[in-house]
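# Topology and contacts: notes
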Amino acid sequence: EADAPVSIGEDSAEFLLSKQRISSWVYFAAILGVVLYALNVFWLDSETGFGKAFIDLISGISDSHEVVMFILTLIFALVHSGLASLRDTGEKLIGERAFRVFFAAVSLPLAVSTVVYFINHRYDGVQLWQLQGVPWLHELLRFSNFVSFLFLYPSTFNLLEVAAVDKPKMHLWETGIIRITRHPQMVGQVMWCIAHTIWIGNSVAVAASCGLIAHHFFGVWNGDRRLSYRHGEAFEAVKRRTSILPFAAIIDGRQKLPEDYYKEFLRLPYLTVTVLTLGIYFAHPLMRAASSNLHW
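Model, not experiment: these values are computed from the prediction. (Residues numbered from 1 in each chain as written. Predicted model: local features only at pLDDT ≥ 70, side-chain atom pairs only at ≥ 80, totals over all residues. Heavy atoms only, no water.)

### Considerations on the overall build of the chain
Along the backbone of the chain there are 13 helices and zero strands. When the helices and strands of the chain are read in sequence order from the N terminus, they spell out α-α-α-α-α-α-α-α-α-α-α-α-α. The long-range fraction of contacts in the chain, counting pairs at least 24 apart against all pairs at least 6 apart in sequence, stands at 78%. Taken together, the 24 basic and 25 acidic charged side chains of the chain have centroids lying 4 Å from each other. (Helix = DSSP H or I, 4+ residues; strand = E, 2+ residues; numbered from the N terminus. Contact = heavy atoms within 4.5 Å. Lys, Arg positive; Asp, Glu negative; His and termini not counted. Charge placed at Lys NZ, Arg CZ, Asp CG, Glu CD.)

### Observations regarding the nonpolar core
Core analysis: the largest hydrophobic core is formed by 39 residues, its most contacted members being F54, L72 and F118. At the level of elements, α1 (22–44), α2 (51–59), α3 (65–85), α5 (96–121), α6 (137–152), α8 (184–200) and α9 (203–231) are the ones that each hand at least two residues to this core. With residues up to four places along the chain from it excluded, the contact list for F54 reads W43, L72, I75, L110 and S113. (Core = buried A, V, L, I, M, F, W, Y, C linked by side-chain atoms within 4.5 Å. Buried < 20%, exposed > 50% of the residue type's maximum accessible area, 1.4 Å probe, protein only.)

### A look at the packing of α3 against α9
With their axes 8 Å apart at the nearest point, α3 and α9 run at an angle of 15° to one another. For the element pair α3 / α9, the angle class is roughly parallel. Handedness of the α3/α9 crossing: right-handed. Mapping the contact onto sequence places H65, E66, M69, F70, T73, F76, A77, H80, S81, A84 and S85 in α3 and S203, V204, A207, A208, G211, L212, H215, F218, N222, R225 and R226 in α9. Broken down by class, the residue content of the contact of α3 with α9 amounts to ten nonpolar, nine polar and three charged. (Axes fitted to C-alpha atoms, helices over the stretch in contact; angles between N-to-C directions. Parallel < 35°, antiparallel > 145°, perpendicular 65-115°, else oblique. Left-handed = near helix turned anticlockwise from the far one by under 90°. Nonpolar A, V, L, I, M, F, W, Y, C, P; charged D, E, K, R; others polar.)

### Focus: α6
Here α6 is 16 residues long and its end C-alpha atoms lie 22 Å apart, about the 22 Å a rise of 1.5 Å per residue gives. The complete set of buried residues in α6 reads L137, L141, S144, N145, V147, S148, F149, F151 and L152. Tucked inside the fold, the buried residues of α6 contact α8 and α12 (268–282). (Expected span 1.5 Å × (residues − 1).)

### Here we look at the side chain of E264
Take E264: it is sitting in the loop between α11 (248–251) and α12. Accessibility expressed as a relative area gives 10% for E264, which makes it buried. Only 2.6 Å separates the side chain of E264 from the backbone nitrogen of G176, close enough to count as a polar contact. Beyond its immediate chain neighbours, meaning those up to four positions away, E264 contacts T175, G176, R179, P258 and Y270. (Polar contact = N/O pair within 3.5 Å; in protein donor to acceptor, adjacent residues only side chain to side chain.)

### Some details on unusual backbone geometry
The phi dihedral of W136 falls on the positive side, at around 70°, and the residue is not glycine. Inspection of the secondary structure puts W136 in the loop between α5 and α6. Residues other than glycine seldom take positive phi values, yet A164 does so here, at roughly 65°. Relative to the helices and strands, A164 resides in the loop between α7 (159–162) and α8. Judged by relative accessible area, which is 9%, A164 ranks as buried.

Below, the structure written as structure tokens:
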């Protein structure tokens, strides 16, 4: 059997306690608290924030919840992907940390508004099918949704960079979930959308899913383009032995899995994602209550 190729990219989800500093995580907790407070005051609170006015503005475009849902998703996609495309230029102008703060300050409120609108209007569309009575469907979709989160959030493994505590980098991952698919966030989002659309079965869910999936399909092209620009031949080498379609590179032999491949998942970041995913599932009633209290 041929030897596995020498790794060029980085080891994803690597977490070494010896490299962690307590001060960095204290700083991270403080930043998280400030961000959540600012998000509430300047966006979520109906009296002091702009979130309700934003939703009212977009809702005034059409009486159709499907149209509003799609527009909200489109606005988020344009801002999020647009700023991502400007990352190289932005980091040169104001620095990596400042650009990450600006990116989050613009993207996060739009993401929250889109999610809240979906939660509040997920049952307002035209019912296209009704499959809740199908045996085992709920369990199957719940499992699919759980797996989708393992794909969705590899970028959050470096939380200190997400919060700009450490200097943000454009990583070239090569291990873990990347061996299965080079674009795990896209795969996870498609899985999440399919599961929720099948279960809800109405036109609002279809509109939200179409917008999100289209955004992530664009992200596949845009992400590869940006990684190629930043990492050059190193990315091309990783690209040759990975695939967009899950498991395709493994099946056709371009990706050689190490014998102890499972160990690449037995790490704290994956455990954290697993615990948070279970927490989010059981917190669905709280999420629905919080969203309805915003009266959006």
